[in-house]
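What follows is the residue order along each chain.
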Amino acid sequence: TPPISPFAIQFDAEAATLTPEGPTLTRRMSALDGLFKDHDAWQQAVADGDPVVYSVQSTPVPEVDRELPQSITSIEAGTTAGEFWMTKGHQHPNHQGEIYLALHGTGGLLMFDGTETQWIDMVPGTIGYIPPGWAHRSVNVGADPYKFLAVYPGGAGHDYGWVLEHGMGKRAYAVTDGFELREF
Ligand code: PAN
Ligand code: ZN
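Reading the values: rules and limits
Residues numbered from 1 in each chain as written. Chains lettered and ligands numbered in written order. Predicted model: local features only at pLDDT ≥ 70, side-chain atom pairs only at ≥ 80, totals over all residues. Heavy atoms only, no water. Helix = DSSP H or I, 4+ residues; strand = E, 2+ residues; numbered from the N terminus. Rg over C-alpha atoms; globule rule 2.2 N^0.38 Å. Buried < 20%, exposed > 50% of the residue type's maximum accessible area, 1.4 Å probe, protein only. Contact = heavy atoms within 4.5 Å. Areas by Shrake-Rupley, 256 points an atom, 1.4 Å probe, with all protein chains shown as cover. Lys, Arg positive; Asp, Glu negative; His and termini not counted. Charge placed at Lys NZ, Arg CZ, Asp CG, Glu CD. Phe/Tyr/Trp six-rings, centres within 6.5 Å; stacked < 30°, edge-to-face > 60°. Lys NZ or Arg CZ within 6 Å of the ring centre and 35° of its normal. Pairing = 2+ DSSP bridges. Near = heavy atom within 4 Å. Polar contact = N/O pair within 3.5 Å; in protein donor to acceptor, adjacent residues only side chain to side chain. Nonpolar A, V, L, I, M, F, W, Y, C, P; charged D, E, K, R; others polar. Axes fitted to C-alpha atoms, helices over the stretch in contact; angles between N-to-C directions. Core = buried A, V, L, I, M, F, W, Y, C linked by side-chain atoms within 4.5 Å.

**Considerations on the overall build of the protein chain**
Phase 1: Scanning the protein chain from N- to C-terminus turns up two helices and 15 strands.
Phase 2: Its C-alpha radius of gyration of 16 Å places the protein chain within 12% of the 16 Å reference for a compact globule of 184 residues.
Phase 3: With the C-alpha coordinates of the protein chain rotated into their principal frame, the extents come out at 50 × 35 × 30 Å.
Phase 4: Expressed as a percentage of its 184 residues, the buried residues of the protein chain come to 43%.
Phase 5: In the protein chain, of all internal contacts separated by at least 6 residues, the share reaching a separation of at least 24 is 68%.
Phase 6: Surface accessibility of the protein chain: about 9,000 Å² in total, with carbon and sulfur atoms responsible for 51%.
Phase 7: Averaged over its 10 positive side-chain charges, the protein chain has a centre that lies 3 Å from the centre of its 23 negative ones.

Printed below as a string of structure tokens:
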């Protein structure tokens, strides 16, 4: 990767966009294999049109050591067998920290260090801090898309297998007055 020159990024918090745009990643339901508690319901949702669950819009900052990439994730509103839609979740293999800034909607930042689970309620203006060594997943617990800005070390890496192996400790389910965390 060639070195990157200083540049300005236009951050529109209202529209939840970053300009200039880098790559956009779209994850449909089929990409969340093995993550929802109810596998049959997940399979049914894949068969019923495989909806987009979330997308991640990056800037042109590369994911390499010592760079500081940013992205905006938008998670659609929805549930699968009562479990709120969420990101896959990952661990940074190099155990580096990260911050999330909530922009729109109502979400949660679920973190798991292999033993303990932590949950941060995320509403516009909340910065959630993810310390090194904590796997993290974002959950949309509202009726609107949940959107947040992430800023993370370019060399952090994304280990998705860790979550498949260890889980996230808790899951967020829809209840009449919001959400409830239940044992994994
Ligand atoms: C975020 C996440 C983003 C999508 O930018 O990568 O929200 O979640 P998954 O990567 O779990 O699919 C981040 O934490 N970067 O390190
Ligand atoms: Zn991360």
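Resuming the write-up.
**Notes on the packing of aromatic side chains**
Phase 1: Within the structure shown, the criterion is met by four aromatic pairs.
Phase 2: Ring centres of Tyr100 and Phe148 lie 4.4 Å apart, and the angle between their planes is 40°; on these two criteria the pair is classed as tilted. Taken together, the residues span a long stretch of sequence, with Tyr100 in strand β8 (residues 98-104) and Phe148 in strand β13 (residues 146-151) at a distance of 48 residues. Each member of the pair, Tyr100 as well as Phe148, is classed as buried.
Phase 3: An aromatic cluster of at least three residues, connected via ring pairs, comprises Tyr100, Tyr146 and Phe148.
Phase 4: Here Lys88 stacks its cationic end above the ring of Tyr160, 4.7 Å away from the centre of that ring.
Phase 5: It is Arg182 that lies over the ring of Tyr173; its NZ or CZ is 4.3 Å from the centre.

**Focus on the pairing of strand β5 (residues 70-75)**
Looking along a regular strand, one sees the side chains alternate between the two faces of the sheet.
Phase 1: Most of β5 sits inside the fold, with six of its six residues counted as buried.
Phase 2: The two faces of β5 match: Gln70, Ile72 and Ser74 on one face and Ser71, Thr73 and Ile75 on the other face are all buried.
Phase 3: Here strand β4 (residues 52-58) runs beside β5; their pairing, made up of five bridges, is antiparallel. Bridging from a neighbouring strand, Gln57 pairs with Ile72 of β5.

**Observations concerning the site of ligand 1**
Phase 1: Around ligand 1 sit 18 residues in total, of which Tyr54, Thr73, Gly89, Tyr100 and Tyr160 are the nearest.
Phase 2: Separating an oxygen atom of ligand 1 from a side-chain N or O atom of Ser71 is a distance of 3.3 Å.
Phase 3: At 2.9 Å, a side-chain N or O of Glu98 approaches an oxygen atom of ligand 1.
Phase 4: Alone, ligand 1 offers 390 Å² of accessible surface; in the complex the protein occludes 97% of this.
Phase 5: Partitioning the shell around ligand 1 into residue classes produces seven nonpolar, eight polar and three charged.

**Examining the sheet that holds β8**
Phase 1: In space, the six strands of this open sheet follow the order β3-β4-β5-β13-β8-β11, with antiparallel pairing throughout. What marks the edges here is a single partner per strand, and that holds for β3 (24-28) and β11 (127-130). On average, each strand axis in the sheet is inclined to that of its neighbour by 20°, with strand direction left out of account.
Phase 2: Both β8 and β13 contribute to a ladder of five bridges, which runs antiparallel.

**Considerations on the nonpolar core**
Phase 1: One finds Met29, Leu32, Phe36, Tyr100 and Val139 to be the most contacted residues of the largest nonpolar core, which totals 34 residues.
Phase 2: Listed by contribution, the elements that provide at least two residues to this core are α1 (39-47), β4, β8, β9 (107-112), β10 (117-122), β12 (135-140), β13 and α2 (161-166).
Phase 3: Counting residues per element, this core draws most heavily on β9, at four residues.
Phase 4: Among residues more than four places away in sequence, those in contact with Val139 are Ile75, Phe84, Trp85, Met86, Thr106, Gly107, Gly108, Trp119, Tyr146 and Ala172.
Phase 5: Listed in part, the five residues of the second largest apolar core include Ala16, Leu18, Ile72 and Leu149.

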